[in-house]
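Understanding the architecture of this molecule
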Amino acid sequence: MNVHVTHNTAKNGIEIVFSIPIQKELITFLQKLGFKHFLKNELKWYANYHPAYVRFAYDLKKAIENDTDWRTIPIFPSHDPSIMNIDKLKFCIVELLFKMKDYSLKDEYVIFENYKRIANVITEKFVSKHFNKPFDSITIYPRNYKTKAKDLFDIGAVIHVDANGQFLPVEIPFNLCDYSEDHTVINKTLDFEETGILEDQKDFDTLLILEVIDKLVAIEQTTRVKDTRLIQTLITEIEEASTLNFDILRMEKLKQVI
């Protein structure tokens, strides 16, 4: 199979064109990561011209043309870990929830990726690498939690990938040490139907919210308007509303934001 990758400068996007139809599993992964295919053409895919997407597109081309497993391609965060990038809102805070028989355990990290879908996929790969128990949920917190992000950064609770695609070592919390082990486990991930629509309505709503947030982040990064506070405020309000645990309250709050 041949794979052609181009930078669409007119739309500021990255495009991937496959010479023959690709397997359903790869279609599912591209959708989950945030790529979309052109109308009625699953050979041609596109995403915003964002560092993580650009790197993945070229790594995917290399893997397929060299006949290596695309599942092993690492997903790199778009930004380097630094206090400056926290101040610039180029991060996410992720919370992992592990449900035990009678209680739950939580673990938090900062990841220097401001696209929520990408952060979600990187976090899933991180859990697969470091824990021998599947997570039950991932929550991505609003970017206005700068102080919390800096606290996590200071203690080294950072999910980051080195130049070779390996996760950098992190200190696992004591209460999760029994579940930490460097081997691959099967995670609970979102299931897609052939249409690309999520089977579970709640998960579909979550994915839709992530898509809206990532689109706003793309506008924030590419707009020529110097004052982006309105966009940042809108992103933050949607993020905060999306973290509400009760469906009715969450939907009511989202309606107010919109």
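Reference entry: report on the structure contained in this document.

1. Concerning the overall build of the chain
- Along the chain, the regular secondary structure elements total eight helices and eight strands.
- The buried share of the chain, taken over its 258 residues, is 45%.
- For the chain, long-range pairs separated by at least 24 residues make up 66% of all intrachain contacts whose partners lie at least 6 apart in sequence.
- Surface accessibility of the chain: about 14400 Å² in total, with carbon and sulfur atoms responsible for 53%.

2. Observations concerning the sheet that holds strand β8 (residues 158-159)
- The mixed open sheet is built from four strands, whose spatial order is β7-β5-β6-β8. Both edges of this open sheet fall to β7 (137-141) and β8, since each of them pairs with a single strand only.
- Note that strand β5 (residues 92-99) and β7 share five bridges and pair antiparallel. Its bridge partner being in β7, L96 is matched across the sheet by I138.
- Sitting on the sheet, helix α4 (residues 116-130) is in contact with β5, β6 (104-111), β7 and β8, with an inclination near 140° to β7.
- The sheet contacts of helix α5 (residues 146-154) involve β5, β6 and β8, and relative to β6 the element is tilted by about 90°.

3. Quick look at the sheet that holds strand β2 (residues 13-18)
- The strand order across the open sheet built from four strands is β1-β2-β4-β3, with neighbouring strands paired in antiparallel fashion. Among the strands making up the open sheet, the edge pair consists of β1 (3-8) and β3 (36-38). Ignoring which end each strand starts from, the neighbouring axes of this sheet average 30° apart.
- Judged from the three bridges that link them, β3 and strand β4 (residues 41-48) form a sheet pairing that is antiparallel. Bridged to H37 within β4 is W45.
- Contacts between helix α1 (residues 24-33) and the sheet are confined to β2 and β4, with β4 contributing the most and set at about 25° to the helix.
- Here helix α2 (residues 51-65) sits on the sheet and contacts β1, β2 and β4; the angle it forms with β2, its principal contact strand, is near 15°.

4. Some thoughts on the nonpolar core
- In this structure, F18, L30, L33, F35, F56, L60 and Y109 are the most contacted members of the largest nonpolar core, which totals 70 residues.
- Examining the composition of this core, we find that eight residues originate from one element, α2, more than from any other.
- Leaving out residues up to four positions away in the same chain, F56 has contacts with F29, L30, L33, F35, I73 and I75.

5. Brief notes about the packing of aromatic side chains
- Summed over the entire model, instances satisfying the criterion amount to nine aromatic pairs.
- With centroids separated by 6.0 Å and ring planes inclined at 50°, the aromatic side chains of F35 and F56 adopt a geometry described as tilted. Of this pair, F35 sits in the loop between α1 and β3 while F56 sits in helix α2, and the two are 21 residues apart along the sequence. The same class applies to F35 and to F56, which are both buried.

Criteria and cut-off values
- Residues numbered from 1 in each chain as written.
- Predicted model: local features only at pLDDT ≥ 70, side-chain atom pairs only at ≥ 80, totals over all residues.
- Heavy atoms only, no water.
- Helix = DSSP H or I, 4+ residues; strand = E, 2+ residues; numbered from the N terminus.
- Buried < 20%, exposed > 50% of the residue type's maximum accessible area, 1.4 Å probe, protein only.
- Contact = heavy atoms within 4.5 Å.
- Areas by Shrake-Rupley, 256 points an atom, 1.4 Å probe, with all protein chains shown as cover.
- Pairing = 2+ DSSP bridges.
- Axes fitted to C-alpha atoms, helices over the stretch in contact; angles between N-to-C directions.
- Core = buried A, V, L, I, M, F, W, Y, C linked by side-chain atoms within 4.5 Å.
- Phe/Tyr/Trp six-rings, centres within 6.5 Å; stacked < 30°, edge-to-face > 60°.

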